[in-house]
Each structure stands twice: as structure tokens, then as C-alpha cells.
Amino acid sequence: MHIGFNHLHSAMRWLIIILLLATIVDSLIRMYRPFKENERKLALFALIAMHIQLLTGLVLYFISPAMRGFFAAGDIMKNSVARFFVVEHLMGMVLAVVLVTIGYSKAKKQAESWAKHKLLFYYYLFAFIIILLSIPWPFRQAGANLGWF
């Protein structure tokens, strides 16, 4: 079960990056055009994918043998890899999900289309930056053994 969730979590990373990037670019391009239903759907799909990713990540947080090893070893804050996964990755991703959720909710309530695009653009962009900083990329010490997928 752990391996399946791990692969799902890794694959969803790319889907979320694509959806967020598409929403950001679309909102930037269409900031001065009327808001269309398909643009709301793109932002909604990104929001849904983010929440699914959060749930799979939380499942991994509690069933992963690596996490159990980190907690059993103690001194999580002294081990940079353990600190990254136990604290930094979790908090960064939760913050990104919160930003996307707030941005989508606020944009939905706006009357003017430019305001919807502006809110989506900024909230999704900040979430995107936090996600890129919180991913255990293979070139970082925390993701050195994980690979690209």
C-alpha cells in the first residue's frame, strides 16, 4: 500500500505543477477579458488535485516506514533530511493548499472578471512558488535518492 501511495503522490506532483502553471498563465493572459466558465474549471481542477495530493501526502506521513524511522531515531531537527520531510515539506504543502483554497474562494465571490483573474493569479502563483521550494527534488539532499518520478 505504501508503494502505491508513494507512486500516486509522485505522479500527482507533475499534474499539479501543470494545472497550477496553466491556471497562472491563463489568469495572467485573460486578466482584462470576461471571465469564462472553463477558466473557473481549470482553477477548480487545480484545487481538487491539490486536495487529493494533500490527502495522499497525509496518508504517506502516517504509513511511511521512512517517517517511522525519522520519529524513532529522534533529533529530527538535527537531521536535515528528516527535518525536511517531517516539518518543511509538510508545512510548505499545507500552506500552498490553504493559499489555493483561499484564492479560489475569494475569486469565486468577485463580481468583476479582472478581479477574479487577479486573485487567482496571485494566490496560485504564491502557492506555486511554495510548492517548488517544498518538493524534494533530486538535486536537493532530501530528494537525492527519490528520483524525478
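Preceding this paragraph is the structure being described.
Heads up: these notes are all about the structure in this document.

Rules used throughout
Residues numbered from 1 in each chain as written. Predicted model: local features only at pLDDT ≥ 70, side-chain atom pairs only at ≥ 80, totals over all residues. Heavy atoms only, no water. Helix = DSSP H or I, 4+ residues; strand = E, 2+ residues; numbered from the N terminus. Buried < 20%, exposed > 50% of the residue type's maximum accessible area, 1.4 Å probe, protein only. Contact = heavy atoms within 4.5 Å. Areas by Shrake-Rupley, 256 points an atom, 1.4 Å probe, with all protein chains shown as cover. Axes fitted to C-alpha atoms, helices over the stretch in contact; angles between N-to-C directions. Parallel < 35°, antiparallel > 145°, perpendicular 65-115°, else oblique. Nonpolar A, V, L, I, M, F, W, Y, C, P; charged D, E, K, R; others polar. Core = buried A, V, L, I, M, F, W, Y, C linked by side-chain atoms within 4.5 Å. Expected span 1.5 Å × (residues − 1). Phe/Tyr/Trp six-rings, centres within 6.5 Å; stacked < 30°, edge-to-face > 60°. Polar contact = N/O pair within 3.5 Å; in protein donor to acceptor, adjacent residues only side chain to side chain.

**Considering the overall build of the protein**
Within the protein, the regular secondary structure consists of five helices and zero strands. When the helices and strands of the protein are read in sequence order from the N terminus, they spell out α-α-α-α-α. Put simply, the protein has 149 residues, and 41% of those count as buried. For the protein, restricting intrachain contacts to residue pairs at least 6 apart in sequence, the fraction spanning at least 24 positions comes to 72%. Carbon and sulfur atoms make up 70% of the accessible area of the protein, which amounts to about 8600 Å² in all.

**Some points on the packing of helix α4 (residues 80-109) against helix α5 (residues 113-134)**
Between α4 and α5, the least distance of the axes is 8 Å, while the angle of their chain directions is 170°. Classified by the interaxial angle, the pair formed by α4 and α5 is roughly antiparallel. Class assignment for the residues of the contact of α4 with α5 results in 18 nonpolar, four polar and four charged.

**Looking at the nonpolar core**
Judged by nonpolar contacts, the single largest core of 29 residues is most densely connected at Leu20, Met50, Val100, Tyr124 and Ile131. Where this core is concerned, the elements lending two or more residues are α1 (2-29), α2 (37-63), α4 and α5. Ranked by the residues each element gives to this core, the list is headed by α5, at eight residues. Those residues in contact with Tyr124 that lie beyond four places of it in its chain are Leu20, Thr23, Ile24, Ala43, Ala46, Leu47, Val100 and Tyr104. Core analysis: the next-biggest nonpolar cluster, separate from the first, contains nine residues, Met67, Ala82, Phe84 and Val86 among them.

**Looking at α1**
Taking 1.5 Å per residue as the helical rise, α1 with its 28 residues ought to reach 40 Å, and the 40 Å between its terminal C-alpha atoms agrees with that figure. Listed in full, the buried residues belonging to α1 are His9, Ser10, Met12, Arg13, Ile16, Ile17, Leu19, Leu20, Thr23, Ile24, Asp26 and Ser27.

**A short note on the environment of Ile24**
With respect to the helices and strands, Ile24 occurs in helix α1. If we ignore the near neighbours within four places in the chain, the residues touching Ile24 are Phe121, Tyr124, Leu125 and Phe128.

**A few points about the packing of aromatic side chains**
When we look at a pair of aromatic rings, we describe it by the centre distance and by the angle of the planes. On inspection of all chains with the given rule, the structure shows four aromatic pairs. Measuring from ring centre to ring centre gives 5.0 Å for Phe121 and Tyr122, while their planes differ by 75°; the resulting arrangement is edge-to-face. Here the aromatic cluster, defined as three or more aromatic residues joined through ring pairs, consists of Phe121, Tyr122 and Phe126.

**Examining α5**
In an α-helix, one turn spans 3.6 residues; hence positions three or four apart end up facing the same way. Taking 1.5 Å of rise per residue, 22 residues should cover 32 Å, and α5 covers 31 Å from first to last C-alpha, within 8% of that figure. Among all positions of α5, only Ala115, Lys116, His117, Leu120, Phe121, Tyr123, Tyr124, Ala127, Phe128, Ile130, Ile131 and Ser134 are buried.

**What about the environment of Pro65?**
Along the chain, Pro65 falls in helix α3 (residues 65-73). You can call Pro65 partly exposed: its relative accessible area is 47%. Through-space distance from the C-alpha of Pro65 to that of His2 is 8.4 Å; in sequence the pair is 63 residues apart.

**What about the side chain of Ser134?**
When you line up the elements, Ser134 lands in helix α5. Judged by relative accessible area, Ser134 falls into the buried class, the value being 7%. A distance of 2.9 Å separates the side chain of Ser134 from the backbone oxygen of Ile130, its partner in a polar contact.

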